[in-house]
Amino acid sequence: MKLLEAKPVADKMKQDLSKRVESFTRRTGVKPKLAVVLVGDDPASVIYTSKKGKAAEALAMEHLTARFSEDASPFEVHQKIQELNQDPSVHGILIQRPLPKAFKEEEVLYWVTPEKDVDAFHPLNVGRLSLGLKEGFTPCTPAGVMEILKFYEIDIAGKNAVIIGRSAIVGKPMATLLLQNDATVMQCHRRTCALPEITHKADLLIVAAGKHHLIDKSFVKKGAIVIDVGIHRTPEGKVEGDVNPAGLEQVAAAYTPVPGGVGPMTIALLLSNTLRAAERLSRSI
Ligand code: NAD
């Protein structure tokens with residue numbers, strides 16, 4: 001079983017990005033800048049936000065964190081985002097999830113202007129992706145999976161792809177991207193019956209259910225490629241996925257390990273979207 005590690009893919013992407021950032025900054029005198037809006041002090045969110053900042057610095061990009069306490073009102077956070085939307089020095093804006101309960105997701109989705117919506121949450125960008133229009137953004141995690149498939153030269157045209165999960169940020173855009181690349185896509189979710197019968201049809205099995213070790217080798221067709229999007233911290237402090245890797249090598253042809261598989265791609269794609277936003281915004285001035 002081939003291990004589809006993210007490191008060489010992310011390293012190559014970062015090398016390319018670094019050159020593009022340098023040439024953008026030379027041409028415009030401006031550094032691409034990412035703003036992260038962080039509400040509350042969820043420990044994982046604090047770590048993710050700091051990692052995004054460090055990754056931006058490593059590529060000579062700028063970043064800022066707009067930080068609010070857990071009891072901040074949606075009104076004051078929205079006002080800050082409107083300020084960032086107007087600020088010409090900011091090119092990409094990301095609202096770190098999860099947000100406190102006082103925030104209504106169906107309203108928050110519209111807050112970041114589509115031109116700076118590097119997480120691709122805005123309904124306009126969701127629509128653009130689903131229509132295959134290039135001017136939007138692609139959500140970072142599914143885009144990262146596509147980069148892994150491309151890097152390892154895995155041709156998905158005509159293959160049966162099964163996705164477990166239908167979230168707006170992973171499962172659904174993953175299905176759209178695979179369909180646009182000519183896979184035959186089946187999407188499973190919490191109410192899917194006879195899951196193993198469906199997964200046994202999968203040449204490409206993408207697991208994004210958020211359930212620790214939901215899938216094991218008994219779900220996997222011989223020769224399948226297994227992509228594990230899940231991230232879980234076990235009580236012992238280990239990071240594991242939605243797929244139990246024990247004995248997987250007896251059936252799967254290739255697998256993205258956790259940690260080290262899909263996870264490291266997400267930040268690389270976020271910075272790529274931020275640079276793209278900066279390039280587009282500089283053209284529209
Ligand atoms: P989510 O909870 O929003 O969605 C989970 C989906 O899985 C739902 O559509 C649900 O119907 C489906 N599901 C749940 N249990 C199921 C079951 N038993 N059988 C079939 N389907 C089932 O989660 P999400 O935001 O899409 O994230 C999924 C996983 O990916 C999580 O572990 C999350 O931590 C991880 N994640 C990783 C990255 C990364 O950078 N690698 C990014 C985002 C999410």
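Before reading further, recall that the structure is shown in the block above.
Fair warning: this is a prediction, and the values are worked out from it, not measured in the lab.

A. The arrangement of the side chain of Glu240 in detail. Mapped onto the elements, Glu240 comes out in strand E10 (residues 239-240). Look past the residues within four positions of Glu240 in its chain and what remains in contact with it is His212, His213, Gly230, Ile231, His232, Thr234 and Val258.

B. Geometry of the site of the ligand. With respect to spatial proximity, 22 residues lie near the ligand, and among them Arg166, Ser167, His189, Arg190 and Thr266 are the closest. Within the backbone of Arg166, a nitrogen or oxygen atom sits 2.8 Å from an oxygen atom of the ligand. Interatomic distance of 3.4 Å between a backbone N/O atom of Val229 and an oxygen atom of the ligand. Here the ligand has 860 Å² of accessible area as a free molecule, and 75% of this is covered by the chains.

C. How the structure looks around the pattern of salt bridges. Evaluation of the coordinates by the stated rule reveals 9 salt bridges. Lys7 serves as the salt-bridge partner of Asp11, at 2.7 Å between the closest nitrogen and oxygen. Highlighted residues: Asp11 and Lys7, both in helix H1 (residues 7-28), separated by 4 residues, approximately one helical turn. For Lys7, a relative accessible area of 55% gives the class exposed. Among the salt bridges present, the one from Glu279 reaches Arg20, with a minimum N-O distance of 3.2 Å. Residue Glu279 is found in helix H9 (residues 263-284), and its partner Arg20 is found in helix H1; the two are separated by 259 residues along the sequence.

D. Structural view of the sheet that holds strand E7 (residues 204-207). Taking strand neighbours across the sheet as the criterion, the 6 strands line up as E1-E11-E8-E7-E5-E6 in an open arrangement whose pairing is parallel. One side of each edge strand has no neighbouring strand; the edge strands of this open sheet are strand E1 (2-3) and strand E6 (184-188). Bridge count between strand E5 (residues 160-164) and E6: 5 bridges; the pairing is parallel. By the bridge assignment for E6, Ile163 is matched with Gln187.

E. Structural view of a positive patch on the surface. Together, Arg166, Lys172, Arg190, Arg191 and Lys211 make up a positively charged patch on the protein surface. Assignment of secondary structure puts Lys172 in helix H7 (residues 171-180). Taking relative accessible area as the criterion, Lys172 reaches 47% and is therefore assigned partly exposed.

F. Spatial organisation of the pairing of strand E2 (residues 33-39). Counting buried positions along E2 gives 7 out of 7 residues, so the element sits mostly inside the fold. Neither face of E2 is open: one carries Lys33, Ala35, Val37 and Val39, the other Leu34, Val36 and Leu38, and all of them are buried. Where E2 and strand E3 (residues 62-68) come together, 7 bridges link them in parallel fashion. Within the sheet, the bridge partner assigned to Leu34 lies in E3 and is His63. With helix H2 (residues 43-58) bridging E2 and its parallel neighbour E3, the resulting β-α-β unit is right-handed. Pairing between E2 and strand E4 (residues 92-95): 4 bridges, direction parallel. Across the sheet, the residue bridging to Val37 is Ile95, located in E4.

About the thresholds
- Residues numbered from 1 in each chain as written.
- Predicted model: local features only at pLDDT ≥ 70, side-chain atom pairs only at ≥ 80, totals over all residues.
- Heavy atoms only, no water.
- Helix = DSSP H or I, 4+ residues; strand = E, 2+ residues; numbered from the N terminus.
- Contact = heavy atoms within 4.5 Å.
- Near = heavy atom within 4 Å.
- Polar contact = N/O pair within 3.5 Å; in protein donor to acceptor, adjacent residues only side chain to side chain.
- Areas by Shrake-Rupley, 256 points an atom, 1.4 Å probe, with all protein chains shown as cover.
- Salt bridge = Lys/Arg side-chain N within 4 Å of Asp/Glu carboxyl O.
- Buried < 20%, exposed > 50% of the residue type's maximum accessible area, 1.4 Å probe, protein only.
- Pairing = 2+ DSSP bridges.
- Patch = residues over 30% accessible without salt bridge, like charges linked within 9 Å, V, L, I, M, F, W, Y side chains within 5 Å.
- Lys, Arg positive; Asp, Glu negative; His and termini not counted.
- Charge placed at Lys NZ, Arg CZ, Asp CG, Glu CD.
- Right-handed = clockwise from strand over helix to strand, strands pointing away.

So yeah, pure geometry; function would need other evidence.
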